[in-house]
Amino acid sequence: MGDLIIEFSNWIWGTPLLVLLMGGGFFMLLYSGFIPFRGLKHAMKVVGGKYDDPNASGDITSLQALSSAIAATVGLGNISGVALAIGTGGPGAIFWMWVSAFVGMATKFFTCTLAIMYRGKDSSGHVQGGPMYVIEEGMGKKWRFLSVIFCVAGIMGLLAIFQANQLTAVIRVVMLQPFDLDWGQPSRWIIGITVMLLVAMVILGGIQRIAKVASRLVPFMVTMYFVCVFIILFKNLGEVPSMLMVILEDAFTGNAVLGGALGQVIIIGARRAAFSNEAGIGTAPMVHGASKTSEPVREGLIAMLGPFIDTIVVCSLTALVILVTGVWKTGEKDGVLLTLSAFEQGLPGIGKYLLMAAVLIFALSTMFTYSYYGHKCFNYLFGADKADYYNYFYLITIVAGAVTSLSVVMSFVDGMYAVMAFPTMISAIYLSPKVVAATRDYFERMKIMDKK
């Protein structure tokens, strides 16, 4: 079964999906007039709360939506995903993660703008957002099969199995093995059940509690992680320029992987970027679709900050730590353990404990938000009255993730992400003229407002 999952993941992440994600994102970048660059300043003002409307329909503020989306993206994708990219694709994979992030900013702008433009209502009459509603409300009922495909893949792919797996690995290596307390599989079960109970206390409280916890955890965890990373980079400052050159050289030669398989390096970079910042997958539109706003373009501008913070900033810092400490040459393929080695090398004695604290917070915050995504997919398919049953299924799979091998877990998540990307990108490209027209109208109105 494990081999089949890995084979399916490798097959679906072939050229067609790469063209759809990278090519589609590049099309949106050009079609929007390079919105990630020209709209960045305005997006920062919006995040600061300048345009918040407390009377607008929705469940949470735009800042809470961004915090929740970043809680799901700035997480183990940045700690483990980057290490996994370097371990399997060499340093060059990081360059292709950067490329994916810039086109991903445009993708997120379009998908999250559409999430507000085409909000729908669930069976209880509550306003909802996300690719499934964009497809049904924006493209019409005849396209509803794409919504169903998206939601089925979302229910399966948006589980916290990767986070549970990597958190378990770190706790065993840092807290149990040094004291001969690791009993192998029984330890995995104990950790998995404990994490499941912690997550249950938050997610059973709904999106308001998830958003509240995420908006408090995210700034703290990012600050702590940044401080550790900057200390390690400062200690190895002389190595940084040469490692940046290694990334650029390897990006176009692929020398560090499979005897120079450049195509493989690009695919690995795009896969890890998609897992890290989720642009084009369709997750962020679900949480941004719950924002209290009546301005779709404004929400899109906020959402596009996600891939920039996530991949360009956080992933790059993690990658440099792994490269300057030299641990990437060890051949370690388990993502989080490679980053753990880098922190131990860069901050002897305390590095592994600080990373464990970061992993704990990153993993838990991601688990909180992912539950909301899957809940929305379940709600769409089976109705609001049955949606809460999903939370119990979600909690049980946390334990499953803790006791399963990393390669199977990662391939399963990758495969489901790929399936979700097809409906999301098809709807975004199909409805892109609506977004461009709304963007033009929005900025014209803002010019008039700013003059007053």
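Each remark here, short or long, concerns the structure printed above.
Predicted model, so just to flag it, every value in this text is computed and none were measured.

With that out of the way, let us pick up the overall build of the chain. Assigned secondary structure in the chain consists of 22 helices and two strands. For 452 residues, the compact-globule estimate of 2.2 N^0.38 gives 22 Å, and the chain sits close to it at 21 Å. By its C-alpha atoms, the chain is 60 × 45 × 40 Å across when sized along the principal axes. Expressed as a percentage of the 452 residues in the chain, the buried residues total 62%. At a minimum sequence separation of 6, the contacts of the chain that also span at least 24 residues come to 83%. Within the structure as shown, the chain displays about 17200 Å² of accessible surface, and the carbon and sulfur contribution to it stands at 67%. Of note, the chain has its 31 positive side-chain charges centred 8 Å away from the centre of its 26 negative side-chain charges.

This part is about the packing of aromatic side chains. Applying the stated criterion across every chain, the model contains 20 aromatic pairs. When the ring of Phe95 is compared with that of Phe252, the centres are 5.1 Å apart and the planes differ by 55°; the resulting orientation is tilted. Taken together, the residues span a long stretch of sequence, with Phe95 in helix H7 (residues 92–117) and Phe252 in helix H13 (residues 240–253) at a distance of 157 residues. Judged by its relative accessible area of 17%, Phe95 is buried. Arranged with centres 6.1 Å apart and planes meeting at 40°, the rings of Tyr370 and Tyr373 form a pair that is tilted. Linking Tyr370 with Tyr373, this pair stays in helix H19 (residues 351–382), spanning three residues, or about one helical turn.

The nonpolar side chains of soluble globular proteins are, as a tendency, buried together. The biggest cluster of nonpolar side chains holds 148 residues, and the ones touching the most others in it are Ile79, Val199, Tyr225, Leu301, Met367, Tyr394 and Ile398. Once you skip the residues sitting within four places of it in the chain, Val199 turns out to touch Leu364, Met367, Phe368, Tyr394, Leu395 and Ile398.

Here we take up the pattern of salt bridges. Scanning all chains against the criterion turns up six salt bridges. Residue Glu136 is joined to Lys141 by a salt bridge in which the shortest nitrogen-to-oxygen separation is 2.6 Å. Here Arg172 ties to Asp182 by a salt bridge, and the two come within 3.0 Å at their closest N and O atoms. One end of the pair, Arg172, is in helix H10 (residues 161–176); the other, Asp182, is in the loop between H10 and helix H11 (185–203), with ten residues separating them in the sequence.

The next thing to look at is the packing of H10 against H19. For the pair H10 and H19, the least separation of the axes is 10 Å and the interaxial angle reads 160°. Viewed along their axes, H10 and H19 adopt a mutual orientation that is roughly antiparallel. As for the relative orientation of H10 and H19, their crossing is left-handed in sense. Two secondary-structure elements touch here, H10 through Gln163, Ala164, Leu167, Val170, Ile171, Val174 and Met175 and H19 through Lys352, Tyr353, Met356, Val359, Leu360, Ala363, Thr366, Met367 and Tyr370. Here the residues of the contact of H10 with H19 sort into 13 nonpolar, two polar and one charged.

On to helix H16 (residues 296–303), then. Within H16, eight of the eight residues are buried, which leaves it mostly tucked inside the rest of the structure. Among the residues making up H16, those that are buried are Pro296, Val297, Arg298, Glu299, Gly300, Leu301, Ile302 and Ala303.

What the rule picks out here adds up to two cavities of 30 Å³ or more. If you add up the space inside the largest cavity, you get close to 110 Å³. Leu21, Ser100, Val103, Gly104 and Ala279 are the residues nearest the centre of the largest cavity, which is lined by 13 residues in total. Broken down by secondary-structure element, the contributors of at least two residues to the lining of the largest cavity are helix H2 (15–31), H7 and helix H14 (262–277). Among the residues forming the lining of the largest cavity, the class breakdown is eight nonpolar, five polar and no charged. Its volume calculated, the second largest cavity comes out at about 40 Å³. Broken down by secondary-structure element, the contributors of at least two residues to the lining of the second largest cavity are H7, helix H8 (131–139) and helix H21 (406–430). Partitioned by chemical class, the residues of the lining of the second largest cavity number five nonpolar, three polar and no charged.

Cut-offs used in this document
- Residues numbered from 1 in each chain as written.
- Predicted model: local features only at pLDDT ≥ 70, side-chain atom pairs only at ≥ 80, totals over all residues.
- Heavy atoms only, no water.
- Helix = DSSP H or I, 4+ residues; strand = E, 2+ residues; numbered from the N terminus.
- Rg over C-alpha atoms; globule rule 2.2 N^0.38 Å.
- Buried < 20%, exposed > 50% of the residue type's maximum accessible area, 1.4 Å probe, protein only.
- Contact = heavy atoms within 4.5 Å.
- Areas by Shrake-Rupley, 256 points an atom, 1.4 Å probe, with all protein chains shown as cover.
- Lys, Arg positive; Asp, Glu negative; His and termini not counted.
- Charge placed at Lys NZ, Arg CZ, Asp CG, Glu CD.
- Phe/Tyr/Trp six-rings, centres within 6.5 Å; stacked < 30°, edge-to-face > 60°.
- Core = buried A, V, L, I, M, F, W, Y, C linked by side-chain atoms within 4.5 Å.
- Salt bridge = Lys/Arg side-chain N within 4 Å of Asp/Glu carboxyl O.
- Axes fitted to C-alpha atoms, helices over the stretch in contact; angles between N-to-C directions.
- Parallel < 35°, antiparallel > 145°, perpendicular 65-115°, else oblique.
- Left-handed = near helix turned anticlockwise from the far one by under 90°.
- Nonpolar A, V, L, I, M, F, W, Y, C, P; charged D, E, K, R; others polar.
- 1 Å grid on protein atoms, 1.4 Å probe; cavity = no way out; pocket = protein on both sides within 12 Å on 5 of 7 lines; lining within 4 Å.
- Points joined across faces, edges and corners; volume = space filled by probe spheres on them.

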